[in-house]
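# Structure at a glance
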Amino acid sequence: MELEDFQRDDVTDLSNCTDKLSTALQCKVVRIGTYRFEPKEPVTFTSKGVCLVAPLVNNPNDSFPLHIHKREVVKIIAHFSKVSESMLCFYTLRNCAQYIKNSLQMKDNGTALDGSAYFSPNGPYQVRKIILQFNSCSDQSRNVIKSIWDFFDEISDVDAQDLLQRAEATDRQITNKTNEAATTTCITTTQLNPNEIKQLLIYPPGKGGISINTEDYLCLATDQYLNDIIIDFYLKWVHNNVVPEAQRERAFIFSTFFYKRLTTLTRHHHNPDKDVKQTAAQKRHARVQNWTKNVNLFEKDFIIIPINEQSHWFLAIICFPTLKGPVTYDTNIPVEPQQLKKQKGKKVSLQIGNTTITPLSKRDSSTMLAEVCGVGDDDSERDEAEGDESDLASDDSDFDSGASTSAVSATIGGGVAAANNSLSNNSTSISGIKSLAIKQPLILIFDSLAGASRSRVVATLRDYLTCEYRAKMSDVTPHVFNKDNMPGHCVKVPQQNNFTDCGLYLLQYVEHFFKDPIRDYRLPIKQLSNWFDTLTVTRKREDISQLLQQLMNERNGPNHQVILPEIPLPTSNGQLVEPPEGYNIEFEEEETGEDAAEEDDDNTDVDGTPNDADGTASSTHTDELVNVKIPTTKAATTTALVPTQGRKIVVKRRMQLVSSATVGNNNSETLNTTAPVVVGVAGQNIRSGNQAKYRKFE
């Protein structure tokens, strides 16, 4: 008999149970139908049921905690032994079997080619079977399990072996069918070559999908920078699969080319008079006006904008652009705006590993990079609005004393009372001031190398919203977005500890923004500094690789397997691996005095290039750049710009400078040479050798 009005919850939560029975056993093998696996976590038995963490059928690196309630088990067969293996066999209700099948992403066909999905909610109870095999089971655990279920059938060792043999026989039958099917259908396998540019898939399939090829896939390798294609692909996948369905229509994600197009100068010769009459903001808006011809941004809660500046990825999210001011988070009652301290133009140090780098103050770092290095696109020519640090809310600001219960605007009768009631139910204490969770129009910046100024980005997006509002909301009074009604704020978020993972952090920020959303948009937002750990980001290269392989398998079908090229990844099965030679970065620091800094200034040419005999610099001012030549081969060097903070900072990487083919030749002494590596400047990333590859798609 199936259960009505059944609410599944955590069976390990015994707070509402009178008898709090509980035991955990390490399982050797678990069989769910013919889906067989070795669990990594113990199986927990409680007064409420059994909790079993099982890997997903199609993605073994992901797992799901199955909570099977006591009343969903219709029959139990058990064999407990002190000399051989013990065994438990559960038979479940149909609804429970359906829950297990859906949770583990099992296929509908009981005899699928992979043979791993035979577990059916339909038919007799024998096809809703779960077998647990244990190396040993203590008397205490056995007594707890017997106390939980009173309809135990204990069987002998012979009968238990017979049951397991029949289960294994079913496995062999499925395997034989798989082999026969493979023979008759002629399954083909293709291993892709990393040197061959070939399309992997289009996501999502059909018109407007993103085309991903092998060249794009290679940027997932350890120590490589993500390109625009991989970032656009994963953001679209997150929107379709991670963003809750109820919020999907309220979120809009621009492509990586939106901000680049918005801020790239163009000249229109067909109507120069029109160009003269337009303001700078209107000219910028005109470049991207067609990007939103089928969407109204003012019907959205969140607008996601990935941005690349000087080969460094960061993220802007426009929040609640329709609101005209702050309102209570749950009840939408207007509250008075916060009296925010504005960000002062102070220098903010950025931290990479154990190295602190202070941004430049005398010259704009972006302009310097474009002039000296020519790195990436010429962002110094970017057409952005003028911004000032005072446009951004300070990280150090506390909530104004007015931002308490009395801050609720009494716009209608009983408004204050309603807000007070809400406050008592949903209040937090920050800096000793009771404050209500709110949402308000904001432009939030998420940057994994915090330190560079983003005031121009915020000002540019405000101008864009003002023009877009006039275009889309032509029947209402124009609304001008400014620093008071649309504050900008650089959120304190987890930071990268290397020079290559900025794209991965951008993707993780977006994914976590929807998985673990912000619950209070009062400024400053400080609760995200430990949003996620470094390993979560590091294993994202492997996660995206597996996702691409899964999507390719679904597209190509079971008869033709296309295997992605082999590339080095920083994790294997989600765990860190030893970095290969060439990825071990070391930092060396050496304090320098002011005299040394002044002396070094005399040894620097007008263009910023040191004229030391060996082409390297030993020290610099805190607001200047050091030009460091990097030996990558005997014939070539790469120039790096290293900002310092009154000290010499040399970032070294042990790298293999010759291929294995040359080992044994006269060049063998260059193996395992220590060479400096390119360092980011003022929140920017610089690439050694190959630059960020942009591949525009229609």
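Reference entry: report on the structure contained in this document.

Now for the sheet that holds strand β16 (residues 312-319). On the basis of which strands lie adjacent, the open sheet formed by five strands has the order β14-β15-β16-β23-β24 and mixed pairing. Of all strands in the sheet, those bounded by a partner on one side alone are β14 (251-253) and β24 (488-490). If you compare each strand with its neighbour and ignore which way they point, the axes differ by 20° on average. Examined bridge by bridge, β16 and strand β23 (residues 442-446) share five bridges and lie antiparallel to one another. What sits directly across from Cys 319, in β23, is Leu 442. Packed onto the sheet, helix α12 (residues 455-472) meets β15 (302-309), β16, β23 and β24 and runs at close to 145° relative to β23. Along the sheet, helix α13 (residues 502-515) makes contact with β14, β15, β16 and β23, crossing β16 at roughly 20°.

Mapped onto the elements, Lys 129 comes out in strand β9 (residues 129-134). According to the relative accessible area criterion, Lys 129 is partly exposed, its value standing at 22%. The sequence separation of Lys 129 and Thr 34 amounts to 95 residues, and the corresponding C-alpha distance is 9.3 Å. Filtering out sequence-adjacent residues up to four positions away, Lys 129 remains in contact with Arg 31, Ile 32, Gly 33, Cys 89, Phe 90, Tyr 91 and Phe 119.

With that settled, the discussion passes to the nonpolar core. Among the nonpolar cores identified, the biggest contains 62 residues, and Phe 446, Phe 513, Tyr 521 and Leu 548 are the most heavily contacted of them. Broken down by secondary-structure element, the contributors of at least two residues to this core are β12 (199-203), β13 (210-213), α5 (228-241), β15, β16, β23, α13 and α15 (540-556). Residue contributions to this core peak at nine residues, all from α13. Apart from the residues within four sequence positions on either side, Leu 548 is in contact with Leu 201, Ile 212, Tyr 217, Leu 220, Ile 230, Phe 233 and Leu 564.

Thresholds applied
Residues numbered from 1 in each chain as written. Predicted model: local features only at pLDDT ≥ 70, side-chain atom pairs only at ≥ 80, totals over all residues. Heavy atoms only, no water. Pairing = 2+ DSSP bridges. Helix = DSSP H or I, 4+ residues; strand = E, 2+ residues; numbered from the N terminus. Axes fitted to C-alpha atoms, helices over the stretch in contact; angles between N-to-C directions. Contact = heavy atoms within 4.5 Å. Buried < 20%, exposed > 50% of the residue type's maximum accessible area, 1.4 Å probe, protein only. Core = buried A, V, L, I, M, F, W, Y, C linked by side-chain atoms within 4.5 Å.

Structural measurements only, silent on function.
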